[in-house]
Amino acid sequence: MSNDYAKYMKKPFSLSESDCEWIDRTLKGMTLEQKVAHLFCILIKDKPVERMISEMRSLNFQPGSYMSDSFPAQKVKDNFCKLQAETEIPLLFACNLERGADGICTEGTFYGTQMQTAATADSHYAYELGRVCAQEAAACGANWNFGPVVDIDANFHNPITNTRAFASDRDTVIEFSKAFIKGQIEEGLAVCIKHWPGDGQDERDQHMLTSINGLSAADWDASYGRIYKELIDFGAQSVMAAHILQPSYSRLLNPSLKDNEIYPGSLSYELTTGLLKERLGFNGLVVTDATSMTGFMQVMSRHDALPVSIMAGCDIILFSLDIKEDFDIALQAVKNGRITMKRLDEAVSTILALKAHLRLHKKLAEQKTLEIDDVSSFFSDSPAKKKNVESAKDCADKAVTLVKDVRHLLPLDVKKYKRVLLHVLGDKGGYHDPVKNTHKLFVSLMEKEGFEITLYDSEKLDLRPIGNSVSSFVERFDLIIYYCSVKTSGSDTVSRISWAPPGGCNTPRYFNDIPTLFISVDNPYMLFDVPRVPSYINGYTPTPYVIEAIVEKIMGRSDFKGKSPVDPFCGLFDARF
C-alpha cells in the first residue's frame, strides 16, 4: 500500500489500514475513464433517473457522486438505489440542506434557517437543525450534506448569505456551526462547510458573477480563517470552494500574480491548496460550488476552468452543463497533461477516503447502503418525525424577535384593533426558495382571533392613498399590518422591498395616524426600507411554526424570546424610533 494513503488515517477521515487498502485496491482497479468520471457530482433534477442512466451508459460514464433535488421521499430513495445498482463502487449521495430536510424530500421537516436557530441564542437548536436534516436525509438514502453555511453575514446588502448564515459575528458562527456539524455527524452524514474562502463581505452574488471577499489577509485570519481552522479541527470532512476571490491572500501567497490571475476559491491553487490545505491543515475533500454558476464561468473558458479547478486542489466538480462535453474536457485534460495523473489519483483517492470514512464500502458489501426500507412510514407517523416537528416548533417559539415596539402597540387587543388593512410584500417564492403565499396562513389565524382582514389591492381605487383622504382610512381601519416575505432568492441581485406603483402606493405612510405593525418572516433587514415603522418583528423563516408563533406572541399569549444575531437596524439611527 502506498504511503500516500497515510494522511487518510488522520483527521477528518481517521481510516484504518484496511480502509486504506480498500482505497488502494479500488483505485488500481479503475480505468482512466472511471477515474475521470469519479470526479463529477451530478444533479438529479429535471431528467428521470432512468433516462440519466441510459445516457450515462452510452458514454461509459459512472460518476462518483450525485446530489438530489427535492422529490417525494420514496422517489429519492428509489433514485439512489437505481444509481447505486449501476456501479460496484459505493456512491456519495448528497443533499443541500441548510434549513430543513424539505430540501431533499417533500415530506421533510422545514425546520428553520440557520439564522433562526442563532436567534434563539441557544446552539442546541443548531444541533437540532443538523440532526433533523441528517436523520431525514439518511432515511432517503443520502450520506453527504452541503452544509452548514459558515459565512459571516457582515454586509446586510448581501443578497445571498442573509438568513442562510448564522450571524454577523465570528464567535456565533463558530459555536452554532459546531453544533450543526455535531448533529449531522452523529446521524451519519458527512458535512461540507461553505463557501470557501468566505461569503458575506461583498454585496454581490457568486451565482451571477465572481464575487470578492476584500478583507486584508490579517482581517481574514481573524475572522474567516479562525472559523475554518476551528471547524477543520472539529472534524469537518469536506469544504465547498466557491466562486469568490480573496485577493489579499492570493497576492500574499504568490506575489507574482497579475490582477487577472487572481482566481476564486474554486479555481485558485493559492487559496485552495496553499491556504486551505497547507496553512490551515485541511486534510479532507474539496468540492467546487456548482460549476454551472456564472461566477465559475466568467473567469475563463469552461475548457480551461474544469482542469484548472482540479489542479487547484478541488477533488469533485459539482454539476455539469453537458455531461458528454464536460467528461470529454476532463478526460482530454488528463491525456494531454493539464491534469496530472498524480493529481487525478489524489483526487479520486480522497473521494474514496470519504466513502470509506462513512463505511460505505462495508455497507455496500453488507447490502445496507440504504438502511431504512419503509420510507413512507418514517415520514408519516414515526415517533422520530413527530419529535422533529416538535423541535421545529420549539425553535420558532424561541427565535421570533421583537425588534422594536416604541409605541407599545403589543399585545394586540382585537376589540380595539378589529379592522385590519393587510399589506403583503413579496411572498412569491424564489429560485432557491419556492415557498410562497405563506400570508394565507397568517390571515386565517388572525381571522380566527376575530380580526376583520382587508387585503390591500393596488387596483382597488378606495384603497389607494391618492384620491382618498387620511381621515377616510382612519375611519375604516383600526390597524395596518405589513406581512413581508422578501427572499434572498439566488436570482435577484438585491433583496429589497418592491413597492406598488405611485398611484397605488403601499408604503407605510399612515403610521402616525393608524397603529402599524411590520412583520418580516424572511429577511431580517427590512427596517432599511421602513426605518420609522414603530413596531417591527423578525421571524427569519416563513415556516408554519414561525407564523403560528408570531400570532401567539402578538396576541400576548407567549413572550418574545428571540435575540437578533445581526444588526436589524442596519446601522441607521432613525430605525430605532
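What counts, and where the lines are drawn
Residues numbered from 1 in each chain as written. Predicted model: local features only at pLDDT ≥ 70, side-chain atom pairs only at ≥ 80, totals over all residues. Heavy atoms only, no water. UniProt positions renumbered as here; feature names shortened; annotations may be inferred. Core = buried A, V, L, I, M, F, W, Y, C linked by side-chain atoms within 4.5 Å. Buried < 20%, exposed > 50% of the residue type's maximum accessible area, 1.4 Å probe, protein only. Helix = DSSP H or I, 4+ residues; strand = E, 2+ residues; numbered from the N terminus. Contact = heavy atoms within 4.5 Å. Axes fitted to C-alpha atoms, helices over the stretch in contact; angles between N-to-C directions. Parallel < 35°, antiparallel > 145°, perpendicular 65-115°, else oblique. Left-handed = near helix turned anticlockwise from the far one by under 90°. Nonpolar A, V, L, I, M, F, W, Y, C, P; charged D, E, K, R; others polar. Phe/Tyr/Trp six-rings, centres within 6.5 Å; stacked < 30°, edge-to-face > 60°. Pairing = 2+ DSSP bridges.

Per an unreviewed UniProt entry, the chain carries the name beta-N-acetylhexosaminidase and comes from Treponema parvum. In its Catalytic activity (unreviewed entry) section, the UniProt entry covering the chain states "Hydrolysis of terminal non-reducing N-acetyl-D-hexosamine residues in N-acetyl-beta-D-hexosaminides." Annotation of the chain in UniProt includes, under Sequence similarities (unreviewed entry), the sentence "Belongs to the glycosyl hydrolase 3 family."

Counting 154 residues, the largest nonpolar core has I104, W144, F146, W196, L412, F442 and I554 as its most contacted members. Top element by residues in this core is helix α6 (residues 124-139). It accounts for 9 residues. Look past the residues within four positions of I554 in its chain and what remains in contact with it is L410, P411, L412, F442, M446, L517, I537 and F560. Within the second largest apolar cluster, 22 residues are counted, among which are L425, F477, Y510 and M526.

Axis separation between helix α3 (residues 49-59) and helix α4 (residues 73-84) bottoms out at 10 Å; the angle between their running directions is 20 degrees. Taken as axis vectors, α3 and α4 run roughly parallel relative to one another. Between α3 and α4 the crossing geometry is right-handed. Contacts between α3 and α4 pair V49, E50, I53 and M56 from the former with N79, K82 and L83 from the latter. Of the residues that constitute the contact of α3 with α4, the class distribution is 4 nonpolar, 1 polar and 2 charged.

What the rule picks out here adds up to 20 aromatic pairs. On the numbers, 4.0 Å between centres and 15 degrees between planes, the contact of F80 with F93 is stacked. Taken together, the residues span a long stretch of sequence, with F80 in helix α4 and F93 in strand β3 (residues 92-95) at a distance of 13 residues. Grouping residues by exposure puts F80 and F93 together as buried.

Examined against the element boundaries, L252 turns out to sit in helix α9 (residues 247-253). Separated by 35 residues in the primary sequence, L252 and A217 place their C-alpha atoms 7.7 Å from one another. When residues no more than four places from it in sequence are discounted, the contact partners of L252 are A217 and R279.

We now examine the pairing of strand β15 (residues 516-520). Across the 5 residues of β15, 5 count as buried, placing the element largely inside the fold. Here β15 shows two buried faces, one formed by T516, F518 and S520 and the other by L517 and I519. Direction of pairing for β15 relative to strand β16 (residues 535-538): parallel, over a ladder of 4 bridges. Note that in β16 the partner of I519 across the bridge is I537.

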